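A closer look at the structure
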Amino acid sequence: MKLEIKDIRKSFSENQVLKGISLEAESGKACGLLGRNGAGKTTTIRILMNVFPADSGEVLLDGRPIDYSTVRFGYLPEERGLYPKKKIAEQLIYFAELKGMTHRDAVTSVDFWLDRLGMTEHRNKRLDTLSKGNQQKIQLITALAHDPQIVILDEPFSGLDPVNAMLLKDIVKEQIQKGKIVLFSSHQMNYIEEFCDSIAILNQGTIVLAGDLNTIRRNYPRNRLVVRSEQQDAIRRFLGAGCTEQENGSLLITLASPEEKQDVMQRLTEKFDIDEIKVFEPSLNDIFVEYAGDQNKEENA
């Protein structure tokens, strides 16, 4: 499957939230939807899920307008929406039935996911008796129990300890391997880097950068080197102003041009005891700050 959002525009009163959003996502791959608060991520997701319509533009699946009566969406929202006083299994089965499952199939699927997430012992407990992390796991089941074709995860790791975060990682990877379309929104850039083949960065209602993440990195100027050495002070004196220390303790060397890197690398390895030397590639956090760092609006939609 190929999901396309084409030239989506949306305003609320005089506030134009989306100004022509276009992006693509494919089966068996994850796309990271990034942006600061106010960028338009939530509005984009809501239009994609047909919560409300766009003012203009279209949502296509395999080149045709998406048929919301046949396409199954799974959505894990950042703001949780389950019933705190209700028994866990009852509401999970209820939500699965709302999404088209028979009662029998809903029970089977809910029990499978409760077991998969280590939550079977809590099956008949009220939601508000669980920790925040376990409530997050129950919310995830509502997104996956009906076997959706398109999975949208908004800050899925919020509130999870490292053990449960690892479990959720495995589940997300399984969904991708099963050929689902996965849209992933998070401010935790390490998770985006781990899961997503492509990204789209929104800034004030416009996509300012989109595409394959590795290609984006390779397109950055390759005129910087990262060096680790026990002789870093001597290296800084040797290179002068073009050499700075990063927060992680490595040295960042900025060259006049990419063509200099082989010569500089050879000079450094001949003169100093070098533990590591490589061409600098920006992290996703670096890229995000560069493209979304000038936004100062707050999202109200």
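In this report, the structure presented in the accompanying data block is examined. Remember, it's a predicted structure, so these values are computed and weren't measured experimentally.

A tally of helices and strands in the protein chain yields ten helices and 14 strands. If one aligns the C-alpha atoms of the protein chain with their principal axes, the spans along those axes are about 70 × 45 × 35 Å. Residues counted as buried form 46% of the 301 residues belonging to the protein chain. Of the contacts made within the protein chain by residues no fewer than 6 positions apart, 70% connect residues no fewer than 24 positions apart.

So, about the pairing of strand S4 (residues 56–61). By the bridge criterion, five bridges tie strand S1 (residues 2–12) to S4 in an arrangement that is antiparallel. By the bridge assignment for S4, Lys 6 is matched with Glu 58. Here S4 runs beside strand S5 (residues 64–65); their pairing, made up of two bridges, is antiparallel. When the sheet's bridge partners are listed, Leu 61 is paired in S5 with Arg 64. Hairpin connection of S4 to S5: two residues between the antiparallel strands, including Asp 62 at a positive phi of 55 degrees.

Strand order in the open sheet formed by four strands is S12-S13-S11-S14, and the pairing between neighbours is antiparallel. Because the sheet does not close on itself, it has two edges, and the strands there are strand S12 (243–245) and strand S14 (274–279). Neighbour-to-neighbour, the strand axes of this sheet turn through a mean angle of 25 degrees, independent of strand direction. One ladder, built from four bridges, connects strand S11 (residues 224–229) with strand S13 (residues 251–254); its direction is antiparallel. In the strand pairing of S13, Leu 225 is matched with Ile 253.

Position of Gln 136 among the secondary structure elements: in helix H4 (residues 132–144). What makes Gln 136 buried here is its relative accessible area of 4%. The residues touching Gln 136, leaving out its near neighbours within four places in the chain, are Leu 76, Arg 80, Glu 155, Pro 156, Phe 157, Ser 158 and Leu 160.

Each value, and the rule that gives it
Within every chain, residues take consecutive numbers counted from 1 along the sequence as written. Restriction of local features to residues with pLDDT of at least 70 applies here, the model being predicted, together with a cutoff of 80 or more for giving and counting side-chain atom pairs; totals for whole chains, interfaces and linings are based on all residues. Excluded from the side-chain calculation are hydrogens and water; included are all heavy atoms of the structure. A run of H or I in DSSP becomes a helix once it reaches four residues, and a run of E becomes a strand once it reaches two; helices and strands are each numbered from the N terminus. Only protein chains enter the accessibility calculation, which uses a 1.4 Å probe; a residue whose area is less than 20% of its type maximum is buried, one above 50% is exposed, and one in between is partly exposed. Residues are treated as being in contact if the distance between any of their heavy atoms lies within 4.5 Å. If DSSP finds at least two bridges between two strands, the strands pair. Whenever a helix is involved, its axis is fitted only over the stretch in contact; in every case the axis is a line through C-alpha atoms, and angles between N-to-C directions fall within 0 to 180 degrees.

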